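Next come the chains, spelled out residue by residue.
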Amino acid sequence: MKRNIKRIMLKLSGEALMGSQKFGQDPDTILGICQDIKEVYDMGFEIAIVVGAGNICRGASAAALGIDRISADYMGMLATVMNALAMQSTLEKLDIRTRVLSAITMTSVCEPFIRRRAIRHMEKGRIIILAAGTGSPFFTTDTGAVLRATEISCDMILKGTQVDGVYSADPKIHPDATKYDTITFKEVLSKELKFMDVAAISLARDNKIPIMILKKKKRGELAKVLQGSGSFTVVNND
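Residues numbered from 1 in each chain as written. Predicted model: local features only at pLDDT ≥ 70, side-chain atom pairs only at ≥ 80, totals over all residues. Heavy atoms only, no water.

## Details of helix α5 (residues 141-151)
Within the span of α5, buried status applies to Asp142, Thr143, Gly144, Ala145, Val146, Arg148 and Ala149. The inward-facing, buried residues of α5 abut β1 (7-12), β2 (46-51), β5 (127-131), β6 (156-161) and α7 (198-206). N-capping of α5 is provided by threonine 140, with a side-chain oxygen placed 3.3 Å from the backbone N of aspartate 142. The positive-phi residue at the C-terminal boundary of α5 is serine 153, with phi of around 60 degrees. (Buried < 20%, exposed > 50% of the residue type's maximum accessible area, 1.4 Å probe, protein only. Helix = DSSP H or I, 4+ residues; strand = E, 2+ residues; numbered from the N terminus. Contact = heavy atoms within 4.5 Å. Polar contact = N/O pair within 3.5 Å; in protein donor to acceptor, adjacent residues only side chain to side chain.)

Rendered as structure tokens:
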């Protein structure tokens, strides 16, 4: 990598935890993800994680069923806590000290998000999982991940997706789509490339935090891309 990367934010979708299932959490899939995270942890990186909730409850989908949007978004936030606890349990079985910090206070199951506490956990060698998004409705977990990455001074955001980088069009629909090795935030916004929502991309641009897009289902890929190999796209201001 061209810049010194020490503290990273890993953004995972809730769907990444499903494996081949249509709903919920697949223990073997979660174990595989956590083993990949352990590989990166053992390389000396400080790691924060934000996981979505699409495998359990997606706010926009719940709203479409007639639940008011604000309640639906809070349901989604609570579902991220369930995913965070599953990740925490699996990581600790791999002998990695882990803390879940939630934007919604629920002290019986996890800690509240406090910026200085989150940073201190990482300095002590703990992985932190940041749950409940921003704690406010109408914001995606992508935006929450970029916000938290800004607050805790992450050097880079890594987002696992269905494809191995950013393309000029959906490569599943357009096989001739061009893959970018690097691309600027300005180009992403002007071309309306949809790997994250506009608010998340704009926040990362304004705070000069690069985003790396990689394929989440390729085992060992997380360590490879952080070593500069593998297949990925880096989005930054340059």
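## Section: the pattern of salt bridges
According to the stated counting rule, one finds 12 salt bridges in the structure shown. The salt bridge partner of lysine 11 is aspartate 142, with a shortest N-O separation of 3.3 Å. Placement of lysine 11 in strand β1 and of aspartate 142 in helix α5 is noted, with a sequence separation of 131 residues between them. Since its relative accessible area comes to 4%, lysine 11 is described here as buried. By relative accessible area, which is 10% here, aspartate 142 ends up buried. The residue lysine 179 makes a salt bridge to aspartate 181 at a minimum N-O spacing of 3.7 Å. A relative accessible area of 57% means that aspartate 181 is categorised as exposed. Shared partners join several salt bridges into a network, and the residues in it are Lys11, Asp142 and Lys159. (Salt bridge = Lys/Arg side-chain N within 4 Å of Asp/Glu carboxyl O.)

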